[in-house]
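What follows is each chain in one-letter form.
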Amino acid sequence: MQNCAPAQFSSAASSANGGSSPYGDISQPNVNPGSCHMVLHQQTVPVKILFVVDTSGSNRLQVDHLPPSDPQRLVRAGSIQAFFNDLKAKPNFHWGFITFSGVSAQSLIADGFTPIFSVNPLAMQNALNVFATIQDNGGTPYRAALGRVLQTLQSDSQASPDTKYVVVFLSDGIPDPAVSDSELVEDIMSIMNAKPNRVSFNTVYYGAANPQASSRLSFMASLGQGRFLDTNVNPTGNSFMISNIVNVPGQVCTP
């Protein structure tokens, strides 16, 4: 994967969950004026990207007769690496990386025990390298992940008044332990209020079609004024560029 080459994967698109996608071909950068890709590239203010990545056991193990969702990490690491390669040379971009599984979440870019955003591309690449070594295992603790997102935003003392935050949350399943809608609302709104009017919370669902899991992630994105992608109803399946499907806070864009 070099420069802004799209992440390429083997799964084909499917409408098995009965949904539809607002996206066309998002496997290539959309360079039209007003596209999400171009709006992101045209930013001159500090932009802090925070990836929140599911490392639960269903990524590598068969669960309820369903195949593993991402055993080679092609969906997760592939799409994130392509996004990073595309934007890492921009000096106004900063990077954060969280993984979650079992009952906890951890920050792969941190100062001691404090999660941080780093402007150093080497820190983000190192986080991706560490991610490649973490074994997918256990449950899908959404609340632990969302709590770590909130901590990361609240501890960012280096932010200027015009800093913008783009959260990208990738998961293959429903919360485990279970989480109510009201708890999700509470957690997402706490994140949005941590940096008022400067956060977008975007979500990606991958893996076998699952309307319940997909709808929860769609709900989270709507609360977070972000965009949602279900790879099962994506016309290009698991081939997508994250830069085409995220909102920059306070700006309107099209896929």
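Each remark here, short or long, concerns the structure printed above.
This text gives an overview of the structure that appears in the document. (Residues numbered from 1 in each chain as written. Predicted model: local features only at pLDDT ≥ 70, side-chain atom pairs only at ≥ 80, totals over all residues. Heavy atoms only, no water.)

## Considerations on the pairing of strand β3 (residues 104–107)
Here comes step 1: Of the two faces of β3, the one holding A105 and S107 is buried and the one holding S104 and Q106 is not buried anywhere.
Here comes step 2: Note that strand β2 (residues 93–101) and β3 share 4 bridges and pair antiparallel. Note that in β3 the partner of T99 across the bridge is Q106.
Here comes step 3: The antiparallel pairing of β2 with β3 creates a hairpin that spans 2 residues between the two strands, and G102 there sits at a positive phi of about 65°. (Buried < 20%, exposed > 50% of the residue type's maximum accessible area, 1.4 Å probe, protein only. Helix = DSSP H or I, 4+ residues; strand = E, 2+ residues; numbered from the N terminus. Pairing = 2+ DSSP bridges.)

## Things to note about the side chain of S35
Here comes step 1: With respect to the helices, strands and loops of the structure, S35 is situated in the segment before α1 (36–41).
Here comes step 2: Apart from the residues within four sequence positions on either side, S35 is in contact with N30, C253, T254 and P255. (Contact = heavy atoms within 4.5 Å.)

## Focus on the packing of aromatic side chains
The geometry of an aromatic ring pair is captured by two quantities: the separation of the ring centres and the angle between the planes.
Here comes step 1: Inspection of every chain in the model, using the stated rule, returns 11 aromatic pairs.
Here comes step 2: Considering the side-chain rings of F93 and W95, the 6.2 Å spacing of their centres and the 35° angle between planes classify their relative orientation as tilted.
Here comes step 3: For the ring pair F117 and Y165, a centre distance of 5.7 Å and an interplane angle of 55° mean the geometry is tilted. Of this pair, F117 sits in the loop between β5 (114–115) and α3 (121–131) while Y165 sits in strand β6 (residues 164–171); the two residues are 48 residues apart in sequence, bridging distant segments of the chain.
Here comes step 4: Note on Y165: relative accessible area 1%, which makes it buried.
Here comes step 5: R73 extends its terminal NZ or CZ atom over the ring of F131, reaching a point 4.7 Å from the ring centre. (Phe/Tyr/Trp six-rings, centres within 6.5 Å; stacked < 30°, edge-to-face > 60°. Lys NZ or Arg CZ within 6 Å of the ring centre and 35° of its normal.)

## Concerning the packing of helix α2 (residues 76–87) against α3
Here comes step 1: Their axes nearest at 11 Å, the elements α2 and α3 cross at an angle of 170°. Between α2 and α3, the interaxial angle falls into the category roughly antiparallel. Across from R76, A77, I80, Q81 and F84 in α2, the residues of α3 making contact are P121, M124, Q125, L128 and F131.
Here comes step 2: Among the residues forming the contact of α2 with α3, the class breakdown is 7 nonpolar, 2 polar and 1 charged. (Axes fitted to C-alpha atoms, helices over the stretch in contact; angles between N-to-C directions. Parallel < 35°, antiparallel > 145°, perpendicular 65-115°, else oblique. Nonpolar A, V, L, I, M, F, W, Y, C, P; charged D, E, K, R; others polar.)

## Let's talk about the state of the cysteines
Here comes step 1: Per the counting criterion, the structure on display carries 1 disulfide.
Here comes step 2: Disulfide pairing is shown between C36 and C253; the S-S distance is 2.1 Å. Taking the sign of the torsion about the S-S bond as the criterion, the disulfide between C36 and C253, at about 75°, is right-handed. With a gap of 217 residues between them, C36 in helix α1 and C253 in the segment after β8 (228–230) connect regions that are remote in the sequence.
Here comes step 3: On the basis of relative accessibility, which here comes to 5%, the residue C253 falls in the buried class. (Disulfide = S-S within 2.5 Å.)

## A closer look at the sheet that holds strand β1 (residues 47–54)
Here comes step 1: Here 6 strands make up an open sheet; going across it, the order is β3-β2-β1-β6-β7-β8 and the pairing mixed. Only two strands of the sheet have a single neighbouring strand rather than two, namely β3 and β8. The average undirected angle you get between the axes of adjacent strands in this sheet is 15°.
Here comes step 2: This element, α2, spans β1, β2 and β6 of the sheet and lies at about 170° to β1.
Here comes step 3: Here helix α4 (residues 142–154) sits on the sheet in contact with β1, β2, β3, β6 and β7 (199–205), set at roughly 35° to β3.

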